[in-house]
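Here are the chains, one letter per residue:
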Amino acid sequence: MKLRSAEAFCRVVELGGIVPAAEAMFCVPSNITKMIKELESELREPLFDRYKGRLSVTPFGKQYYQDVSQLLELSDKIHKKHQKGADVSTLTIGAIDVAIDFWLPRRVVGFMQENSHIRST
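Now for a look at the structure at hand. Within each chain, residues carry numbers counting from 1 in the order of the written sequence. Side-chain atom pairs in this predicted model are given and counted only at pLDDT of 80 or more, local residue features only at pLDDT of at least 70, and totals for whole chains, interfaces and linings cover all residues. Derived side-chain values reflect all non-hydrogen atoms in the structure, with water molecules and hydrogen atoms excluded from consideration.

Turning our attention to helix α3 (residues 29-43). In an α-helix, one full turn covers 3.6 residues, which means residues spaced three or four apart are oriented alike. By the criteria applied, helices consist of DSSP H or I runs no shorter than four residues and strands consist of E runs no shorter than two, each listed in order from the N terminus. Expected span of a helix: the number of residues minus one, times 1.5 Å. In a regular helix each residue adds 1.5 Å, so 15 residues correspond to 21 Å; α3 covers 21 Å between its end C-alpha atoms and thus fits that length. Burial in α3 covers these residues: Ile32, Met35, Ile36, Leu39 and Glu40. Axial view of α3: buried residues confined to an arc of 135 degrees, hence all on one face. The outward face of α3, more than 90 degrees from its buried face, is lined by the exposed residues Lys34, Lys37 and Ser41. On its buried face, α3 is in contact with α1 (3-15), α2 (18-24), β1 (48-51) and α4 (59-82). With its phi angle positive at about 60 degrees, Arg44 sits one or two positions after the end of α3. Relative accessibility decides the category of a residue: with a 1.4 Å probe and only protein chains considered, values under 20% of the type maximum give buried, values over 50% give exposed, and everything between is partly exposed. When we speak of the arc, we mean the arc of directions from the helix axis to the C-beta atoms. Two residues qualify as a contact provided that any one of their heavy atoms is within 4.5 Å of a heavy atom in the partner residue.

Here we come to the pattern of salt bridges. The salt bridge criterion pairs a side-chain nitrogen of Lys or Arg with a carboxyl oxygen of Asp or Glu, the two atoms within 4 Å. The tally for this structure, following the rule as stated, stands at seven salt bridges. Its salt-bridge partner being Arg4, residue Glu7 comes within 3.9 Å of it at the nearest N-O pair. With Glu7 and Arg4 both in helix α1 and three residues apart, this pair spans about one turn of that helix. Judged by its relative accessible area of 40%, Arg4 is partly exposed. Put simply, Arg4, Glu7, Arg11 and Glu14 are held in one network by salt bridges that share partners.

Following this line, the structure appears as structure tokens:
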């Protein structure tokens, strides 16, 4: 099991849909869909019932959510406990050429102006 896939599943359950989960995880909805389908294939059990584009969590999915959300919480606690320089984080941005050339520069400048306490390297 990949933690990222488990996180995607939990975000869909918590936020009520694939699009909000994708926004929360900073990816496209198709990535969330793919991770959930791979997870269901690995588990050999559906996590969601799908009807006319709507998702509802299966009984198996509800139990899996309870278990895996505890695992994700523990993983986060362990990471924070052992993270050195807790006040320092790295932001890595990947983007297609169009975004890099036109969209991203304005957003980065605006972000840096609004968050003057953040330094760039």
